[in-house]
Structure formats: C-alpha cells, structure tokens
There are 6 protein chains.
Amino acid sequence: MSHHDSRMSGQSKAGEIWFPDLDVIILRALEEDVGSGDLTTRALVEPGVWARAIIEAKETLVLAGLPVVQRIFELLEPSCVFQPTFFDGERVPAGETIAQMEGPAAILLMGERTALNFLQHLSGIASLTRRYVDAVQQWGARIVDTRKTTPGLRTLEKYAVRKGGGFNHRIGLFDGILIKDNHIEACGGVGEAVRRARAAVPHTVKVETEVDRLDQLEEALAAGADIILLDNMDVESMRTAVRINRGRTMLEASGGIKLENVAQVAATGVDIISVGALTHSSPSVDIGMSLHVG
Amino acid sequence: MSHHDSRMSGQSKAGEIWFPDLDVIILRALEEDVGSGDLTTRALVEPGVWARAIIEAKETLVLAGLPVVQRIFELLEPSCVFQPTFFDGERVPAGETIAQMEGPAAILLMGERTALNFLQHLSGIASLTRRYVDAVQQWGARIVDTRKTTPGLRTLEKYAVRKGGGFNHRIGLFDGILIKDNHIEACGGVGEAVRRARAAVPHTVKVETEVDRLDQLEEALAAGADIILLDNMDVESMRTAVRINRGRTMLEASGGIKLENVAQVAATGVDIISVGALTHSSPSVDIGMSLHVG
Amino acid sequence: MSHHDSRMSGQSKAGEIWFPDLDVIILRALEEDVGSGDLTTRALVEPGVWARAIIEAKETLVLAGLPVVQRIFELLEPSCVFQPTFFDGERVPAGETIAQMEGPAAILLMGERTALNFLQHLSGIASLTRRYVDAVQQWGARIVDTRKTTPGLRTLEKYAVRKGGGFNHRIGLFDGILIKDNHIEACGGVGEAVRRARAAVPHTVKVETEVDRLDQLEEALAAGADIILLDNMDVESMRTAVRINRGRTMLEASGGIKLENVAQVAATGVDIISVGALTHSSPSVDIGMSLHVG
Amino acid sequence: MSHHDSRMSGQSKAGEIWFPDLDVIILRALEEDVGSGDLTTRALVEPGVWARAIIEAKETLVLAGLPVVQRIFELLEPSCVFQPTFFDGERVPAGETIAQMEGPAAILLMGERTALNFLQHLSGIASLTRRYVDAVQQWGARIVDTRKTTPGLRTLEKYAVRKGGGFNHRIGLFDGILIKDNHIEACGGVGEAVRRARAAVPHTVKVETEVDRLDQLEEALAAGADIILLDNMDVESMRTAVRINRGRTMLEASGGIKLENVAQVAATGVDIISVGALTHSSPSVDIGMSLHVG
Amino acid sequence: MSHHDSRMSGQSKAGEIWFPDLDVIILRALEEDVGSGDLTTRALVEPGVWARAIIEAKETLVLAGLPVVQRIFELLEPSCVFQPTFFDGERVPAGETIAQMEGPAAILLMGERTALNFLQHLSGIASLTRRYVDAVQQWGARIVDTRKTTPGLRTLEKYAVRKGGGFNHRIGLFDGILIKDNHIEACGGVGEAVRRARAAVPHTVKVETEVDRLDQLEEALAAGADIILLDNMDVESMRTAVRINRGRTMLEASGGIKLENVAQVAATGVDIISVGALTHSSPSVDIGMSLHVG
Amino acid sequence: MSHHDSRMSGQSKAGEIWFPDLDVIILRALEEDVGSGDLTTRALVEPGVWARAIIEAKETLVLAGLPVVQRIFELLEPSCVFQPTFFDGERVPAGETIAQMEGPAAILLMGERTALNFLQHLSGIASLTRRYVDAVQQWGARIVDTRKTTPGLRTLEKYAVRKGGGFNHRIGLFDGILIKDNHIEACGGVGEAVRRARAAVPHTVKVETEVDRLDQLEEALAAGADIILLDNMDVESMRTAVRINRGRTMLEASGGIKLENVAQVAATGVDIISVGALTHSSPSVDIGMSLHVG
C-alpha cells in the first residue's frame, strides 16, 4: 500500500461532506473522549509501535461518515494511511471490510471510539433513510428530513440522509419559511400569514405553510404558498388534498409517519414525506475496528 | 406568576447538570438552527408581542434536560420566565405539562426546536435507562453507560443516564484504565497487561480489564485487576465467572445486552451491566411546545 | 432617567438584529481595539468616575446598528444605562442625538471606538441602500444585496440593507442555487444546468440561473428556472428580456448598476436589482460620541 | 507547473501578513459563505473535476491580500496549486492576471467569493492609500491610518495600508497613549494630562495628545508630549503650529483630510497625516476570477 | 450583608484588570478543573445548601487577582455575593481575611481551587515585585517585567506586576521594537539596525536596542535609539554607561538581576531594571478558603 | 541534515504529550506574544532569509516540553526542520545543545520567546520533581502532583511531573473523589461521608478522604476508603498512621512537604507524597536560543 496513493486529505475535503465547521466538531468529540490523554495506551503501548486497523461492518448497512473517520485520524496524525473499500452511500454487507488504516498503534487506539461513534451514528441514519426510500420507490415522493436533529450534528446528519437516498428539508430557521399553527393564530389565518410572508421574505426563499384541515388548503393555495405541509392528516385526507391541489403546488406529508405506513402515504400522491425519526430515533449500526500490531 | 420567584438561573447552575462547557454546546446548537435569524418569525411576529409557552409530554417519559431548556431561553433573553412542573429524574405521564414559560413570542419560537431537540433526546436516554434499571431492580447490579455516546453530547448523555437511575462508567480515555483485546495482544497476556497498568497509572485510577474467556479470569484476578469486564459472554459463562470470582473483584457484564435479556444477566450475580444502547440507540421521546399569544 | 426603564437587554435580543454569533463578533472587535487594556484611560481616569455619553449624527443618515452599540456596552459593563432617541431604519438629521448612555467613564471610553466603527459602517450601508431604494420607488423593483460583503460581517451588513429599505438575496452558498457561467460551461448549457439543479436540490430551494445573452433566456425559462439573473446586460436588452418573459418567472438585473442608472434599470420592468456596492463600497457615515463627566 | 515549485504555504506565513489569528478570520469568513455546503456546486459539479482559475484585475489597482487568498485555498484543500504573477504592494494594470490556481473545481468555486471579498477590500485600501501617499510625496509627511477600521479586520486593514505605502498609527488602546478632549477635560488641562500619562505609562510607550487650539500647543510641548495631534485645524493654523513647534516634537494632522486637500496639509510641514477614510470608506476594487475546466 | 450592596460585577469590569479575553481565560481554567462536574460535591452536598466562604492569607502578601476570583464565582452563579476586605495592590498581613462570599455550597466548592490558583499565583508575582520595588526605592529606577511570562497568562501577570508597584515593559512583539544580538548580526551593526528600525516602524513606537559592550553604546546613541538595554553587564560597566549617556536616552539594565544585587544596579543610575523572575519564577503565596455551612 | 529525516510532526503527536487541546494552548500563547506581528523582525529581517537556531541548556536540568517547542514552529511554518539532541525526561547538563532547528529567520525569531517560555516552565517542573523523586528513592513512596497548577496549563504541567519521575494525582474534580474538611463537616463525620461517596460514584472511581487526626483514620478505614490522605500531620503521626493501617489501604501524605523534609516523610512508610510546590512554585530553568544566519 503506497503512501502516496492512499493519502486522501484532498478528497475528503473536495467531497460532499466537507464544511468549514467540520474540524471543530471533530476536535470537540476528540476532546470529550481523549481529554488529557489515553491512560491505557500510555501505560501499555510503546509510542513507536505501528499497527494496521480494519474497520468492519458487523451488520448490513448503508455507509455514511467515512470521510469523517479519515479526517479524525488525519488530525491526530497526518502520516496515517487510509484505504477505503466502500464509499458513503454504498450498501455494505455484514462482515465486509469498510476501510483499512495504518499508523501508530497509540493513535489508532486513541481515535477508535470517536471515529466509530460518528460512523455508527451517521450510517445508522443513512441505513434507516434507505429503508424509507426503498419503501416509497414506486411512487414519486421524496423522503426528507426535519429540524429534529441531534444538537451539534445537523450538517452531518443531513448529509447522512442524502447518502441514504433521502433529500433535505430546510437547514434551519434562516433558510426557509415554514408557517406553523402558532404563526397562523398570531396572524388571523393561513391566507394572511402566507401573504405577509411573501411580502417580507427574500425573493430566493419559498413560502411553506402547514395546514391542519382541508378547508385551510384552498386558502393557502389562493394566497400563493409555494409548498403546503399536510400536518398529521390521515391518509384519506391526504388523498383528498392531492385531488384538491391538482398539481398547483407542492404537497408535503408530515407527522406520524413510520416505516409501516410510509408506502400508503406515498400512494396518496404527495410530493414530499418528511420523517423526524430519520435523525432523532435511528438506532446506531454495529461497526467494529480491530487492530493488528507488527 | 411573579418574576422574582420564577427566575432560576442560579438553580440551573447549582444543579447537577452544569459544567463549564454547557453554554458552548447550547450556543452551537442555536447557531445551527437560528443561524442569521428566523425568517418566519421576522416576517410574521411583531417584536413586542409577549407569549406563554407550555411544554408538554406527548408520551409517558422520564425527564432529563429541563435545565438545558431553561438555559437556552435565558441565553436568548434573560427576561424570560421559566416555571417547571416536573424535575429531571421524575416520571412524567403522557399529557402532563412539564414546564411553562413567558417571554417575547419571537424568542420562544426561536428557541423552541433547539430546546425540544435537547429535551427529547436526553429524556429518551433517561426513559430507556429507567426501563433497564427497573428490569434488574431485584438484583444488585448497576446499569451503566459506555463511551458509545453521540459526539459532542457525552456529558449531557451521561447526566441523562444518571437521571434514569443508571450509573456512569468512565468518562473517556483519560479517567480510567480499560484493557481490551488489542492491548492484551500487544502485551502478551492479560496478567502482564494488568501488571504494567498498575505500575504506570495514577494511584487514584482503577485498573479494569476485559476477559473474553473464563481461563483469562483467574489470570486477571491474580494480577490484581480492580474490575473485570466479561466481554460478550453467554449467561452460563457469566454465572461461572461469578462463582470463580467469589467476590474478590468487581465483575462487569458487557456486550449484546438488551431489555429482553438484561434480567437474566443480572441474575448471574455480576455487579455491573454496561449497555451501549442507552446512549447510541435510544429513540427520542415525544414532547411538544404550544404557544399562547396575548 | 430610571435604571429600570432604560435597561434594554431584552429588546436588543428580541429585535431583528440578534443572532447566536453576535456576541462573538462584538468580543472579537473589542479584543482588536482594547486588547490587554486602555493605556490612556488607565493613566488618566479614576475607576470610580461616572459619565454621560451622547452619540450624535454628524451628517444626515439612515440608522443601522444601534442595538450592536447597546450590546457592546452591556458586555463591557451590565450596569450601563442606554437610552435611544432613534431606532434602526429611521432617518436621522445631521446634528441630532441618536442615543444617550450613562456608565463608568472608563467603560464609555473603552467601548467608544468599537461602537462607532460598527454604527458608522452599518449606517453607511443603510444610508446608501436607502438612496437606491428611493431612486426606484416608482417602479416595483426590489433593491437587493449580494454576497460581496465584508468578511466576518455578512449577517450584520444584510441586516443594514433591510434597515435601508432593501431586501436580501441568498445568505451564502448553502441557502440558494445560483448557476453562473462556470457552472453552465461545465454542464453544457443553461437548460441542462437548470434541470440538474432542480433534480438535486432541496424542494425548499429556488433555482436561479444567470443568462448573459437573450438567446439563453428562453432556454432557462423552458428548463423551469425560478429566477433568471440578467448578467451585465444593457438597459435595452433588459427591456427585451422583460417582454420575452411575460411574467413567467422572476427577473433580476445585476452588474454595473449605480445610483445614476438604477432608475433606468428599474424602468425596464425587472423585479429585482442586485447591487454589490451596497456592502462592498458604501462609505462610512459620520457619527460622534461626546463624554460629559460629573 | 510543478506541484513542488508552486506550493507556497511556507512563504505565506513567513511573509509580512501572517499573524496567529489569521486562520480564525478566514475560517469565520468561509463559515459565513459556505456554511453547511455549496448547493449549486454539489448539484452541478462532479467531485473529481479539476480546474484552473485565473484571478484578474478588472481595474488598475495596488494589490493587497494575495497571501490571504492563497491561505483560503490551502485551508480548503492542501493540494491546490497557487501561482502568483504580482505581489502585495505592486501596482497591477487593469486586465492583468494577478494569480493562477489549479485544484478541484468544487473547491475553487467554494472559495471564490470569500477570496475575492478579502482581496477586493484590502486592495481597495491599498489603492486608496497609494493615492494619498503619491499626493504628498514631495513633502516628508507620512500618511497613516487610524482606529476607524472595519470590526474584525484591523490587522489586515493596517497591513493593506502599509502595502499602499502608508504607515500605521497605534494598533489599539493597548499600545499607545492618545489623550483626547474628554481626557483633557477630566484632567483639567493638556499639561496635567500629559504629565500624568508620562508618570503612569510603560517606558516603551510614547505619549501623544490632541490639541484643538494653538494656545494648547505650547502647554503640550512644555509637558513633554512625544507627539502632538492637531485636531481638525485649518491649514493656516497647522502652518503656525509647525512654526511654533520648531521641530521639538512630532506633529500629526488629523480630521477632515481628503485627497483634494492632503497636499496642502502636507505642505504645512506636519510630520504625520492620519486619514480615517483609508479604512472606513475605501471602495472595493474590481477583481474577477474565471474558471477553466478540463 | 445586603445583596444589592455586595454585587460587584460592574466594578470588577470597570477596574484595571478587565480585558476582553478575561472570561475565556477563566472558563478554560474552570474547564480544566471542573470538566464534566465535581464528583465529590455531587455525591455529598445537597444542591440547595447555602454556605459562607472566607478567603484568608496564610502568609503576609501583596494582593493581586481578587477581581478574577469574584468573576469566577459570578460566572459559576450570578447570585453569589462577594465582599472584599482588601483590594489588589494592598499588603495583607498573615491571618487576615481577604474576602468573604456567600452562595450555594456546591458552587463555592466547585470554584475554590481555580480561584485560589489564580489568586496565589498573581499575588505571588505582586509580592515578589514589591520586594524588588522596595529594594530600589531610594533610587529612581523602575522595576519592569519582561516577556518571560507563563503562556496564556501574560495580561494578568503584567497586571500583577503593576499591583506590586512595578511597571510593564512592552506587551509582546507587536507593540515595541527591541533589537537583539541576532538582529544586530543580521544588519551589520547596532547603528544600522537602529536606523532601519526608525525608518520602518510606526511613529508611535519607540526603538530600543540591546548593547552588550560599551563601545556599542555610542553607536546606538548616535543612531537615535530611544531606549538602550545594557545586556548582562556588570555593575561597573553600567555605571560607565550611565556616565557616557549623560541623560541623552533611557538606559535599561537587564540580565542576572536578583533581589540580592538589584539595589547595586539601581545605584548605578540606570532608569529601568527588567527582571524576568517576577513572572517566570515567583513562588505561589499561601492563601486558603474555608467553608461554613448553615 | 535531510528534510525528510528530521520532520517529526507525527512523533510529536504520537508521543505522550499530545492531547486535543494542545494547539489551542499554543495558539493562544502565540497570540499573546506575536499579536498582529513582530515589529522588530518586520523592520530588520528580510522575509527570505533562512537561519539555524540552537536551543541550549544554560543550567543542568531535566527536560520537558520539547515536543511543544517543535509543534510551535510547525504551526508557524510547516517547512521548519527540527532536530532534537535530547528527549523529554532526560537530564541535560549545562551547556549542552537541546535541539537545533532550521527555518526562515523571521519565523524562528517570532516563535523564540513563546517556545522558551513553555520549555523553561515545564523543564522547571520536571527538574524540581526529579529532586523530590531522587530524595525518596530508597523508600517506595511515589511523589505526586496536586490540583495547584497554573490556570490553563494543567495537562502540560502534569506531563512535566511525569517526565521528572513523579506520578499524577487526579486531574480535576471530575475524575476522582477527595473528601475534605468541608465535606466531612457537611456530612457529620468521615465515615458517613465515605459511605455516601461509595454509594453514589461511578464504580471506576476510587474514594479518597482526608483525615486530620488519627482517631478519624480507623473510621475512614472501616467505611472502606480506597485512599486516605493524612493532612498536615507531623512525621510522628504519619508513622503511627502507617502502623494503624497495616497495609489495608493506601496512605497519602500531604501538606507542608519540602525538599528538606520529604525523605523523613517517605521514611514513615506512606505510599504517596503529594507536593503542591511541584507546579505552583517551581522556578523556571535557564534555556537560551541562538540564531545563526547564512
């Protein structure tokens, strides 16, 4: 394994995952785990010992976060060599090697847990997303995420959703308008809220509004909403909403959607299905790292 | 509701949850969600409007993270008034009010999602922990967490485990010795690894070692391990290990432990049961916030 | 002037200007100017001396940034009393008092330059924006900003544009699609680029594309661009573009627009006029602070 | 263009522009613009595509900030190759290539706007400074900057002033004494203020005082001021001040100095002319970047 | 003890010690010591318990750093009440109470060690400085510090030197010129180095040069050095240097100066005596904190 | 000296000293000293000049902190070449070369003071620690540090103690239990305090308690303390304590221990001797750096 071929610092950054805050997130995670140093490794492993590490899928999964793993070891020790077998977005069968590394044993041990914590969490999101996406694939609906993300990890979690085949909703409060119950109440109705929003917001931003009942739908359409979110409606109401809309605007289903019912929801003809569980309740997938010294 | 009685900035800090990095974690989460500002609220809500917010449990849960919620709104606007009904560690029945707040409507809307993201995640951990703790209560075993935490949230997640009735394992690599397979291999055996660790580490730190097989147990005991982790053993082997140990050292069961089998594990007589799922796979619990203007 | 009435920390945050990163920006600015301490004040002013400061417009201006001034002194010393006469977005005639403060003389002197640097720069942007907005008011066109902002101050500068009566374009690369020459070349044509963008981006994001020539306009329209930017076109071409478009999509004029020709551009019927100079070349306006001790 | 020859990370740091906080300033600027990622590039440009970028002067300018541009792309992607044609401080004719780069197209597009925002702003300052410096070159007076800088950019702006041929005044409140009206009032006169300052300050720091009227000049001289600032005086008064001073101390002209009158001010014989407009009102200069793929 | 009278947040900031980075330094120190929480206090002290703490001098000392102590507890818990008996710069006899506090016991215990670490270190510097100052008081020489400070604490340590009656030398490389051996060698002589420095540096900055031998002194004087540092000269040479200088410029003695010989050095007539040991080798003074619950 | 052989970035990180926060500590120290740039070097040294620097022990010392020095220059300029002669933990005789470097003269001068400040301080601690360790070597007692460290430098100072042959006590409040007077008072006795602590703390954490008098010792033993700290006892009482203990638990001597009496304390048979002076009062050792240009 040649050093030159396997150093990939460039690719990890040029790739889709990079963003200016990534190193800060990684260093904070390392700080939590490594703190003032790894007592066990300091006591037992000679600084000069070189080792090879193999990262392996312990269950079948959709991979997300591998460039984060690479970056962790790059930050710990630039001479570490990283060799991926799979790439983010790919399905990895149980038992397959995801990537191999070479570097000082002390460094590989120091970064192991932090690296796996990112990889297991992000691959967990990608894997769950893929199941939703597969479930609706015969209909045109997009599976999208929400703002119900883990504090501090939103950008990475939204990346994992894309790697699982999903799409992203707005990033936060700053890049999209979404009018909710509370706003509607404060404005005296959906129509008025949509009109005010259209008048005030940047021309580059779409105006989306929730509707709880079908009678609000026509009002929202008339006021020129770009997207209408059908909040916690039953499947029958969604089907009616699709009929009423006649393709005039984009319809998003939201609330109470699970793997068991997502296909039914997609079958109603809605354009977008948003699922909070992708990011707030996806279980971690099982990934291990084994070390080989000498 | 008097302003004086309900301001609680002091208590949130004096309480168990406070640590020097908490505000940084909160501000990073707000930065992710609020960024350069809340477009919807800016378009629809007058700055001067005051509102009341009610935080409500949508399912039965064990509460954790309420002081984080309070601190979020304190940082956004010191004049917000916060009135808790329940405290962290308490079981909240579905439909109950967890806390009430008063403050500018724009502020309450701006902080809502970030606050709920923390509260739903941490209460999810506390609620899951409580189920494990309840399952083993007739035996003496402690349920403890692991280092398999969400990057950036370890201190808060370990707090939530305590609030669910669990105990904490070591915080990270810096405050405890845990000798694993890879270390053992590098040292030529459990006994040698434990002896080296005892010689090198601070006198305040306990030495824990994994054993994968029963024949390693006696070697670890002889070398003076303070804690022995039975890694991925079946229940029968654990029972044998407890017999062999005869109370000489603390035994920790780890690996593959689920709600379904945790009672059996506890019944073997081990002292400690560590469960990674508490922090890496606990689903979010459902908590809502409703706003009342005027 | 009662202490209770004039403390405004809440309002400055509830107001439009607040965002999670504001204090960081202010503290970095103070760090630059104050560093390890104010040598002159330390040598000449007794710590206990209290003073009154008057902030005054030395020329007629549109105000922007007053809550930043207030926050600077709040951070330096919470007991400072701040009393505004005007609010952001208002036109202040030359010679008028903008705000008054009371506090320790040493604190008022320490914060003076930093406060004025923000206020003069942001009011400079608001004042220039207002001139553009006034120049086009008889037509419907919006004056909008660009990403040509001063590094580190984008959120505040875009706020100042709004306070001058302008609107904001996208915040950065993350919240809008704008296809430029280089992208078009890489994709083999406007139409293809727009189609790819529509397929890939979040459903909440509009797709905008530049066109340099009128023959690209029809292609962009056919591909479903949400906004079309007429890049560096002469007024005659813009007029033709408006005719071709027949209101099907939003048209934005950009490039080479100055106060002298902005009315002509607006008269063509374009919807949006973006002006980089609002943020990259607006001169500072003259504002002074005088101190009155005892 | 060989990779080895053109990598310049060392030089950018060894050069005059480097200071410990530079990367923080750059990363904050990238964070503002790139945030969670470049939507347009992600949708349209394949990660593996390599490109060449040419940075070109669209008007004649004095260059400042090129090492910042280089550092931006180094931080985004260490394998980027940077080849400058001109160096900071040089006059670049309109139409000339300032520098060329090679790197991943996605990286060059991601950094373009941030890089140009720095370069256009800093070159704007250097170019304006050069005009002042040229205007006074037949007299001995130095053109110097002030503390009226853009918040967050002081070190870079003062660098740009030097590259335009100007000199720096004190950096901030911490590295020089400048006694102003308010201090004088608080101390009961210029002489007393200067004496107190001399007694208290570090021996390495010069004492400068403002005088508004000629009768204060003698008092300041007698008290031993190292530098005397003639505040907002007319040219005639300055000439008198120079006569009175007879070279005993350094005289600085300040207030109301413009390109139109700076030569007259210099002709009075003052040593130093400070001009706030260098940093607070210099228009951006026009610089473009074009991309060539394949 | 009334709450209103004893809250002193304002004063600590208005006082001499405040600078924009102070809270960062304090929070980093708390992070080191408190980390994820105080295990002992969490186990043993009820959150609601209120206590009184007394800070006491265990040896006679010159106080420095008390506002840092106050700020630490303010940051931990704003409701803490702080009542100083002595102020920075005062001599405190052994056994005297320096300050009293009231607050939650858990908070007082959490901040104790961090607070004392600052106070013992800074008072150690002030106390040692005072001994040097007292030793030279019959001559006019100033005792000044150097750049040999503890990394991260320079601003506070230079403050402590002032509180001990000393003066500060330049803060760092950025606010003063000091030409050393290496520079002289690179320039081909003291005179040339001084001339180049005078031509290049800001007009507000003094030029200081080292001389190792008396024959360099005249050259430095002729070139116009503002301050001349006599580097590691014996007392006899210093006396000669003072004679040669005849008051033309400021002379600074540096190198090998100890409490035992500082009076002799001062007696030579030098203006300035710089002592690295003030900050790099001052022993901590003994200060204790006792807690009284209930 | 080949570039390839002497670059050691990997080793400095793989070594014992590295921890995630190290670069932050170094950059803050550089920021303090270099700030906006080195005026002297900028005025006198051409950017292109290359030099060799020799770091030399001016007195005999035990080395600690050399990897910090290396990292400082790596951060300033990655092309610097670093060649150590000695390694941390080794005794360096006066006059010996500790390390050599090559790099741009401007960079070597810029980093010199910061590098030496770290190296002199940490080697001061290691050297003092070694004297204590040597003094007790015929007995089995360990010399350990305390939490009385310099704010901001705890991890590095504890590293230096290890390099001097000492051991570390707990890092902070978060990784060990130490029950002190105040806790005992609040709990109604040593025994009760120890029992409460054992019930509450993580199973990985030892419980240590202070005892001031011999009658508390039996109570602490009975309650199951893992370590007992004999606080400020005289040598005779310590000897009695060792007799009473009969090896049942670990005994730590603390308070008033100096080089003069540490051997007597060790002779009592205690296991651990903690010495605050190692970190709070160790004088800096003398180390110089000389530059050779051309």
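Refer to the structure above for everything that follows.
Presented here is a report on the structure given in the accompanying data block.

### Comments concerning the overall build of chain A
Move 1: On a plain count of helices and strands, chain A comes out with 13 helices and 12 strands.
Move 2: Each principal axis of the C-alpha distribution contributes one length, and for chain A these read about 70 × 35 × 30 Å.
Move 3: Looking at chain A as a whole, 64% of its 294 residues are labelled buried.
Move 4: As displayed, chain A offers around 9,800 Å² of accessible surface, 48% of which is attributable to carbon and sulfur atoms.
Move 5: Once the 30 positive and 39 negative side-chain charges of chain A are each reduced to a mean point, those two points are 5 Å apart.

### So, the arrangement of the chains
Move 1: In this view chain B stays clear of chain D, with the nearest C-alpha atoms of the two still 9 Å from each other.
Move 2: A gap remains between chain C and chain F, with no contact made and the closest C-alpha atoms lying 9 Å from each other.

### As for the relation of the copies chain F and chain E
Move 1: If you rotate chain F by 180 degrees and push it 0.0 Å along the axis, it lands on chain E with an RMSD of 0.0 Å. Given the turn and translation reported, the copies of this chain are related as if by a two-fold rotation axis.
Move 2: Counting the interface residues of chain F, we find that 97% of their copies in chain E are interface residues as well, pointing to one common contact surface.

### Let's talk about the sheet that holds strand 11 (residues 272–274) of chain D
Residues and elements named next belong to chain D.
Move 1: Strands sit in the order 6-11-10-9-8-7 across an open sheet of six strands; the sheet is parallel. The strands lining the two open edges of the sheet, one partner per strand, are strand 6 (142–144) and strand 7 (177–179). Ignoring which end each strand starts from, the neighbouring axes of this sheet average 25 degrees apart.
Move 2: Examined bridge by bridge, strand 9 (residues 227–231) and strand 10 (residues 250–254) share five bridges and lie parallel to one another. Paired with Leu229 across the bridge in strand 10 is Glu252.

### Details of the packing of aromatic side chains
Move 1: Throughout the structure, instances matching the rule amount to three aromatic pairs over all chains.
Move 2: Considering the side-chain rings of Phe174 of chain D and Phe174 of chain E, the 5.9 Å spacing of their centres and the 75 degrees angle between planes classify their relative orientation as edge-to-face. In this pair, Phe174 of chain D is assigned in the loop between helix 7 (154–163) and strand 7 and Phe174 of chain E in the loop between helix 7 (154–163) and strand 7 (177–179), connecting two distinct chains.
Move 3: Phe174 of chain E sits in the buried class, given a relative accessible area of 8%.
Move 4: Between Arg142 of chain E and the ring centre of Phe167 of chain E, over which it is positioned, the NZ or CZ distance is 3.6 Å.

Definitions and cut-offs
- Residues numbered from 1 in each chain as written.
- Chains lettered and ligands numbered in written order.
- Predicted model: local features only at pLDDT ≥ 70, side-chain atom pairs only at ≥ 80, totals over all residues.
- Heavy atoms only, no water.
- Helix = DSSP H or I, 4+ residues; strand = E, 2+ residues; numbered from the N terminus.
- Buried < 20%, exposed > 50% of the residue type's maximum accessible area, 1.4 Å probe, protein only.
- Areas by Shrake-Rupley, 256 points an atom, 1.4 Å probe, with all protein chains shown as cover.
- Lys, Arg positive; Asp, Glu negative; His and termini not counted.
- Charge placed at Lys NZ, Arg CZ, Asp CG, Glu CD.
- Contact = heavy atoms within 4.5 Å.
- Least-squares fit on C-alpha atoms with pLDDT ≥ 70 in both.
- Pairing = 2+ DSSP bridges.
- Axes fitted to C-alpha atoms, helices over the stretch in contact; angles between N-to-C directions.
- Phe/Tyr/Trp six-rings, centres within 6.5 Å; stacked < 30°, edge-to-face > 60°.
- Lys NZ or Arg CZ within 6 Å of the ring centre and 35° of its normal.

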